[in-house]
Every structure is written in structure tokens, then in C-alpha cells.
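Working through the structure, step by step
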Amino acid sequence: MTNNNSIHQTAIVSGKAKIGKNVTIGQFTTIYDNVEIADNTIIEGYCELGVQNHLSNNEFLYIGPNSHIRSKSVFYEGSRFEEKLITGHRVTVREKTIVGKNLQIGTLSDIQGHCIIGDYVRMHSNVHIGQKSKIGNFIWIFPYVVLTNDPHPPSEVSQGVEVEDFAVISTMSVILPGIKVSKGCLIGANSLLSIQTEENMLYSGNPAKKVCVTSRIRLKDGTRKPAYPWTKHFHKGYPEEVIKDWEMLNHEGIL
Amino acid sequence: MTNNNSIHQTAIVSGKAKIGKNVTIGQFTTIYDNVEIADNTIIEGYCELGVQNHLSNNEFLYIGPNSHIRSKSVFYEGSRFEEKLITGHRVTVREKTIVGKNLQIGTLSDIQGHCIIGDYVRMHSNVHIGQKSKIGNFIWIFPYVVLTNDPHPPSEVSQGVEVEDFAVISTMSVILPGIKVSKGCLIGANSLLSIQTEENMLYSGNPAKKVCVTSRIRLKDGTRKPAYPWTKHFHKGYPEEVIKDWEMLNHEGIL
Amino acid sequence: MTNNNSIHQTAIVSGKAKIGKNVTIGQFTTIYDNVEIADNTIIEGYCELGVQNHLSNNEFLYIGPNSHIRSKSVFYEGSRFEEKLITGHRVTVREKTIVGKNLQIGTLSDIQGHCIIGDYVRMHSNVHIGQKSKIGNFIWIFPYVVLTNDPHPPSEVSQGVEVEDFAVISTMSVILPGIKVSKGCLIGANSLLSIQTEENMLYSGNPAKKVCVTSRIRLKDGTRKPAYPWTKHFHKGYPEEVIKDWEMLNHEGIL
């Protein structure tokens, strides 16, 4: 074959699926009909891509180029990921999840579908993203965080959470329905966020209260410089042009 | 074959297992010896049904008719589910779990066995049901809820949680050993429930305290009607006869 | 074969892997190159052992004798487990995890690698062990506990949690970076531990505060004896010589 693909002999790949060049598909993985995998992508073993469901309007699952989906993950049809999606193991993503480039999703995370996610978002392990969530760019969401959507469960009212650019949600926090986590906010670990937020503030506790501006938190690396905006000191894994944009924004005091 | 079954050629199905009519078994799924699957049931791929264990007294796993078990789930032998069990992906259910009809269990949920569950119970994703839990009918349990059982861990004392009919436990809440969540109660998100409850009350916080009667919570759908009892406005997915029963009970002021 | 092994015909086992005597490998399991499995060990179905990664320095994964890894688990190369490792289903363990004997890890637990774990540690389901954690001996960690490591996320500063011998961390608790859970401490359910601890004390709440010495907690088995140190009454699953050691230490008032 000239497409340079490596498809394990035990994988089950539908003839209707569109597979790009230089794609690796691991052992025991199933690729269903309604899937397009772009070039230079690795799908590890035991995955299912393009699981059918009646809510996807028969739209296909698109996995952008240079992506890497780790083993035992399940993706429904009807979602779209731009380039460089990177996942841990056993990730679940349901239909109508529209994602920018370089999303990283940790092991066991569960995106419930019907949500919009920007560029360079990092979700650590075991994150639960409720339906109708809107997530901006350059956001960090740590393990066991839950974004909810039902203000009085069970009901048919659905109020997704909104997370703005550069926000950070620490481990085990719950964001209540309809709450916006504003630009540059930090939510402390094990918090219950039930109030609206101001930009660049730290909220913490159960229920969470406003504590201070995030720039008052100091780096524990010996320098005692402000730890936020985190874009001033943490660049690992971002491309050069992104870091330059951040420098300009920080210089202008916009972040 | 006249039984109208569809068993994937890569599935491993014991000859001792009893498989009903019109049953679908997906790719790479294993059905062990001690299993009975009733008619019109779908078992998706990568599942294991009837995992052996020394605590099951060699009793079989029974999956009732019209059920749908999603991929990568693991069920031990020695449990019983009446009709219309519906699961997400990667569900785990251990031995001696006795369940009524139409249980829904979300992705990654883990039922530890040795518990009793009624009819029409809905567990969302990543719920942890400790051993010796007793769960009634028409109950909702949301993501990352934990029902515990050991009052001073580790010990050999086991005091399961009891959840009564129509109760709702919101996301990330922990119910301590021996606590009863009374009929129609609502437990707020990220709560730690360590006190006994009265019917139809809202408990919230860490530690949880009684807040008000649930009927004081208003619907956010524009009507401002009471959001509880939820059976007055939320009917999605329940059969007509159930909804009629609720209407009668609500009319008589019993709910 | 004289090695008495039982390798399922659908398993994919690298010829470079070292497999001991009397080893069982289940259906659809993959054993990669860089793996050594010692004698009398069971690896159930759908597992992956020895997943490659650039952080493992090409070191192999060693699984000690008399171990039992349950189905759908994923172990990276570059970790080491002494005898009698027992796991639940869908466990994930990354590189550079150095573990003593008889670790028990529950279903869905996730050890992020680069950490040290002693002997006879019990992790229940869905535990998250952050990188650089140091965990002693005879420790209990209950469901949904998170050990963190980044004091101001995201950053490149990493301060692992330390857990000393005989400590118990109850369900849904978060331990903040750089905190030491001292010998014999009990952390209450759904706590956020952000302060340093003294030995044999109960800490509880969000944020957690010191409540009392653990010996003031009484057994709910009718005896009203102290529930802690738990080694005085809970012996299930430990070998005779360990229990004798505890008795001596308790007699001398060391525990």
C-alpha cells in the first residue's frame, strides 16, 4: 500500500471509514462506518471510533491530523476534533462535541457531548464535562472536576457551564449549572462554585467564596514571583507562536 | 439459526450460557459459563459477563429481556437484573446485586455487589455503590456520588446506606455509613451527608445540614412552579403507567 | 510445554517478554516486549502490560510472583511490583512506580507514575495517585481520593504527597501538594487536607481541621473499644507474621 498505514490484523475497520495517510490502528480496535481519521494519527488498541447514536444526525466523527488516541477509548460519531488531539486511556466522548486544536484529555475523562471546546485545552484524568458546556482556549481542568448543567435535577432545563480563556479549575471541584468561570480565574481544589465570578480571581471552598486576585499567589520555585497569570512562567507543550502571543498580551497587561 | 441471534465471530460465548432469542453480542465480548441473557437484548463489544468469583455461591448472572449493555462493561456471576437494564460504557457490577426493572447505570459506574436496587433507578456516570446499599424505586444518583458502608475504616463492620423512593443525590456527594436518605429528599452537590434525614427535605453542605423543604425550590423554566416533587414535571423515559401512578400519588398529596 | 502456562490463543504475547512458570494470560490481552512476569501469576483478559513510553528509560515492567491483575488493566513499562500484587479491573499504572509486596489496587484506580509505594498498601476503587507521591506501609486509601502534587497549577513545581505507615484516607478526600499524612492519621470523608498533620490524629472537613486523637473513635461492633489503631481489631487479608508484628508494636505502645 502507498498510504503508509499500519492497521493491526485484529482491528475491525469499516470499508466506509475514511483513513488518511500514515495512520496507525492498534490491536482489537473497531472503526465504524461514519469516521474520518486524518493523516499521521495513532489510534491505539481496544478503541471504538464512530459509535452510532440517534442524536448525531448521522454526522461523522472527524479526528484531525497528528492526533494520538490512547487505548480503550470510545468516541461517538457526530463530533469533530481539529489537529493534535491527544488522549489518555479509556476516554469517552459522545456526539456533537466540537473541539479546536490540541485538546488533551486525560485517562477516564468523559465528555458528555453537545458542547464546544476551544484550542489548547488540557483536561487531566477523570474529568466530567456535562452537556452544553462551553469551554474557551488555554484552559486547565484537573482530575475529578465536574461541570454540571441541571439546576434542579432531574429536569429538562439544561444550563451549561461556561469556562473562559486561561481559567484553571483545580481537582475535585464542581461547577454548578449556568455558572461562568471568568477569564484567568482559579478555582481551588474540592470547591463547589455556585456564584458568578470576576476575572483573574481565586475562588475556593464549599461553597466557594472569592479569596483574592490570582496574582497574589506566589510561585513556590524560590523566586516568589506571581504564579498567575500562569502563562508568564509555564510554557511546556505549547508551540512557539502561542508563547509569543502570550508574551505580547502579558506585556500589554491584557492577561 | 431460528433464534435470530447475532453473535460476532470474535465473541467468546460459553456453550453453557443460556442465550435467549434476538440477542446481539458484540465484537471481542466474552460470555462465561454461568450466564442467562433473556430475549431482545444487546451486549456490545469488549464486555465480560459472568466473571467467576468465590462469593457468588455459583449462582448465575441473569440479564432480563430488552436490555442494552454498552461496551467494555464487566458483570460478575451471581447478580440478577429484571427487564430493560440500560448501561453506559465500562460499567462494573459485582456479585449479589439484585435489581428491579429498568435500571440505568452510567459510564464508569461501579456497583460493589451485595446490594438491593428497586425499579426505575437512574445512576449517572461514575457512581460508586458500596456493598450492602439498599436503593428503592425512582431514584436519581448523579456523577461521582459515593455510598459508603464502613463507619471506621478499615473494619469488618458494614453499615450500608439506604436510599428511599424518589430521592435525588446530586453530583460528588458522599453518604456516610448507615445513613438513610429519606423519601423525596434532595442532597445538594458536593455534600457530605452524616445525619439522618426527614422526607422531602433538601440537605446540603460539608457537613450537610437541613436547608428547607424541597418544594420551595422553584423551576428555572420560566414557570416558577415547585421543582419538587420532580415527578410533577419530569416524565422523560418513564412508561405511561408509571406517570399515571405518580399523578395519582401527587394528587393525593402522598408524594 | 513444561512451564505449565495457560496463554489464551487470542492473547498477543511478545517473544521478548519473560514469562515465568504457571502463568495464566487471558483473552485479548497484549504483553509488549519489555515485561517480566514472575511465577504463579494471573493476567486476566483485555489487559496491556509494558506499554512503551519515552520516560521509562527503556526499563522493563516487573510483576512479582503470585500476582493477579484483573481485566482491562494497563501497565506501562518501567515499573516494579514485588510479590502478590492484586488489582481490580481497568487499573492504570504509569512508568517508574516502585512498589513493595501485596499492593491491592481497586477498579479504575490510576497511579500516575514516578512514585514509591511500600508493603501491604490497599487502594480501593478509583483512587488517583499523583506523580512523586511517597506512600509507606499498611496504608488504606478509599474511593475517589486524590493525591495532588502541583501547588499552583499549571506549573513545573512538583511537590508530592507523603503518606506514612498505618494512615487511612477516607473516600473523596483531596490531599494538597507537599502535605504529609502522618503515621496512623485518619482523614475524614470528603476532606481537603491543606495543613501538616500530627501522628494518630483525625483530620476532617473542607478545609480539614484537627478533630481529636483517633483512639477516641469507638468501634460500632457493640464493644465500644477504640477503633484505632485499626491494627488492633482488623486483620483480614494480612499474613500471620504481619499480625504478630502489629501485636508486638501495639503492646509496646508504638502504634
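Let me sum up the structure you'll find in this document. (Residues numbered from 1 in each chain as written. Chains lettered and ligands numbered in written order. Predicted model: local features only at pLDDT ≥ 70, side-chain atom pairs only at ≥ 80, totals over all residues. Heavy atoms only, no water.)

Some words on the overall build of chain A
For clarity, the threshold we go by: Strands here are runs of E lasting at least two residues and helices are runs of H or I lasting at least four, both read from the DSSP assignment and numbered beginning at the N terminus. As defined in this context, the radius of gyration uses C-alpha atoms, and a globule is described by 2.2 Å times the residue total to the power 0.38. Classification of residues uses two cut-offs on accessible area relative to the type maximum, computed with a 1.4 Å probe and protein chains only: under 20% is buried, over 50% is exposed, and between them is partly exposed. Only heavy atoms enter the contact rule, under which two residues are in contact if any of them lie within 4.5 Å. Note on areas: these come from Shrake-Rupley sampling with a 1.4 Å probe, and a residue is covered only by the protein chains present in the view. When charges are counted, Lys and Arg are positive and Asp and Glu negative, with His and the chain ends excluded. Charge positions are represented by NZ for Lys, CZ for Arg, CG for Asp and CD for Glu.
Within chain A, the secondary structure is distributed over one helix and 31 strands. The C-alpha radius of gyration computed for chain A amounts to 19 Å, which stays within 12% of the reference 18 Å derived for 255 residues, consistent with globular compactness. Each principal axis of the C-alpha atoms in chain A carries an extent, and together these give about 60 × 45 × 25 Å. Looking at the 255 residues of chain A, the share that counts as buried comes to 60%. In chain A, the proportion of contacts linking residues at least 24 apart, taken out of those at least 6 apart, comes to 22%. Surface exposure of chain A reaches about 9,900 Å², of which carbon and sulfur atoms provide 48%. Once the 26 positive and 25 negative side-chain charges of chain A are each reduced to a mean point, those two points are 7 Å apart.

Things to note about the relation of the copies chain A and chain C
Related by rotation about an axis and a shift along that axis, the two copies of the chain form a pair. As a reminder, the rule being used: Superposition of the copies used a least-squares fit over C-alpha atoms from residues whose pLDDT is at least 70 in both.
Superposition record for chain A on chain C: RMSD 0.0 Å, screw rotation 120 degrees, translation along axis 0.0 Å. These values place the two chain copies in the arrangement generated by a three-fold rotation axis. Identified as the residue of chain A closest to the rotation axis by C-alpha distance is N206 of chain A, at 4.0 Å.

Side note on the sheet that holds strand β11 (residues 74-76) of chain A
All names here are of chain A. Note the cut-off: Pairing between two strands requires that DSSP report at least two bridges joining them.
An order of β2-β5-β8-β11-β14-β17-β20-β23-β26-β29 is seen for the ten strands of this open sheet, with the pairing classed as parallel. Both edges of this open sheet fall to β2 (12-13) and β29 (192-193), since each of them pairs with a single strand only. Across two bridges, strand β23 (residues 146-147) lies against strand β26 (residues 174-175) in parallel orientation. Paired with V146 across the strands is V174, a residue of β26.

Notes on the side chain of T197 of chain C
All names here are of chain C. Quick note on the threshold: Between N or O atoms, a polar contact is any pair within 3.5 Å; within protein, one atom must be a potential hydrogen donor and the other a potential acceptor, and residues adjacent in sequence are included only when both atoms are from side chains.
Note on placement: T197 falls in the loop between β29 (192-193) and β30 (201-205). Within polar-contact distance, the side chain of T197 engages the backbone oxygen of K180 at 2.6 Å. Of note is the side chain of T197, whose polar atom sits 2.9 Å from the side chain of S182. Not counting residues within four places of it along the chain, the set of residues in contact with T197 comprises K180, V181, S182, C185 and Y203.

Some words on a negative patch on the surface
The condition that has to hold: Patch construction takes residues with relative accessible area above 30% that form no salt bridge. Like charges are linked within 9 Å, and nonpolar side chains (Val, Leu, Ile, Met, Phe, Trp, Tyr) are linked within 5 Å. For this analysis, a salt bridge means a side-chain nitrogen from Lys or Arg found within 4 Å of a carboxyl oxygen belonging to Asp or Glu.
A cluster of like negative charges, contributed by E240, E241, D245 and E247 of chain A, occupies part of the molecular surface. Summarising the element assignment, E241 of chain A is placed in helix α1 (residues 240-251).

Notes on the interface of chain A and chain C
Here is the rule we go by: Accessible area, probed at 1.4 Å, shrinks when two parts are joined; the buried area is that loss added up over both.
With 36 residues of chain A in contact, the opposing surface of chain C contributes 41 residues. For the pair chain A and chain C, the two sides together bury roughly 2,800 Å², of which 59% comes from carbon and sulfur. Counting the surface chain A buries against chain C, the share from its top three residues, R90, Y144 and N190 of chain A, is 20%. On inspection of chain A and its partner chain C, the count reaches one salt bridge. For K72 of chain A, the salt bridge goes to E48 of chain C, with nearest N and O atoms at 2.6 Å. Linking chain A with chain C are 23 residue pairs in polar contact (both at pLDDT 80 or more), by the criterion used here.

As for the packing of aromatic side chains
All names here are of chain B. Selection criterion: Aromatic contacts are taken between Phe, Tyr and Trp rings whose centres are within 6.5 Å, Trp giving its six-membered ring; a plane angle under 30 degrees counts as stacked, one over 60 as edge-to-face, and the others as tilted.
Summed over the entire model, instances satisfying the criterion amount to 48 aromatic pairs over all chains. Between the aromatic rings of F138 and F166, the centroid separation amounts to 5.2 Å while the plane-to-plane angle is 15 degrees, which identifies the pairing as stacked. Here F138, found in the loop between β21 (134-135) and β22 (140-141), pairs with F166, found in the loop between β24 (162-163) and β25 (168-169); they are 28 residues apart in sequence, far enough to count as distant. With respect to burial, F138 and F166 carry one shared label: buried.

A word on the interface of chain A and chain B
As a reminder, the rule being used: By the convention adopted, Pro, Cys, Tyr, Trp, Phe, Met, Ile, Leu, Val and Ala count as nonpolar, Lys, Arg, Asp and Glu as charged, and the other residues, Gly among them, as polar.
Tallying the contact residues gives 41 residues for chain A and 36 residues for chain B. Both sides together, the interface formed by chain A and chain B hides about 2,800 Å², and carbon and sulfur atoms give 59% of it. In terms of surface lost to chain B, no three residues of chain A exceed H152, P153 and P154 of chain A, which account for 22% of the buried area on that side. Connecting chain A to chain B are one salt bridge. For the pair chain A and chain B, the number of links is 23 residue pairs in polar contact (both at pLDDT 80 or more). Taken together, the residues that form the side of chain A that touches chain B break down as 20 nonpolar, 16 polar and five charged.

Focus: the sheet that holds strand β27 (residues 180-181) of chain B
Read from one edge to the other, the open sheet built from nine strands follows the order β3-β6-β9-β12-β15-β18-β21-β24-β27 (chain B), with strand pairing classed as parallel. Edge positions in the open sheet fall to β3 (18-19) and β27 of chain B, since each of these has one partner strand only.

Re the side chain of S173 of chain C
The topology assignment puts S173 of chain C in the loop between β25 (168-169) and β26 (174-175). Reaching out from S173 of chain C, the side chain makes a polar contact with the backbone nitrogen of N190 of chain C at a distance of 3.4 Å. Engagement of the side chain of S173 of chain C in a polar contact is seen with the backbone nitrogen of S191 of chain C, the distance being 3.0 Å. With residues near it in sequence (within four places) discarded, S173 of chain C still touches M172 of chain A together with Y144, V145, V146, I187, G188, A189, N190 and S191 of chain C.

Some words on the pattern of salt bridges
All chains considered together, the criterion is met by 21 salt bridges over all chains. One salt bridge in this structure joins R94 of chain A and E95 of chain A, with 3.1 Å as the shortest N-O distance. A salt bridge links K16 of chain C to D33 of chain C; the shortest N-O distance between them is 3.9 Å. With a gap of 17 residues between them, K16 of chain C in the loop between β2 (12-13) and β3 (18-19) and D33 of chain C in the loop between β5 (30-31) and β6 (35-37) connect regions that are remote in the sequence. Note on D33 of chain C: relative accessible area 41%, which makes it partly exposed.

A word on the state of the cysteines
Think of a disulfide as a covalent bridge from one cysteine sulfur atom to another cysteine sulfur atom. Applied cut-off: Throughout, disulfides are identified as pairs of cysteine sulfur atoms within 2.5 Å of each other.
Applying the stated rule across the entire model yields zero disulfides over all chains. There is no disulfide at C185 of chain C, and the cysteine sulfur nearest it, in C212 of chain C, is 11 Å away.

Structural notes on the pairing of strand β30 (residues 201-205) of chain B
All names here are of chain B. Burial analysis of β30 places four of its five residues in the buried class, the great majority of the element. With two bridges connecting them, strand β28 (residues 186-187) and β30 associate as parallel partners. Opposite I187, over in β30, you have Y203 as the bridge partner. Relative to strand β31 (residues 208-213), β30 runs antiparallel, the two being bridged by five bridges. From the neighbouring strand, Y203 faces β31, where its bridge partner is K210. The antiparallel hairpin formed by β30 and β31 contains two residues in its connecting segment.

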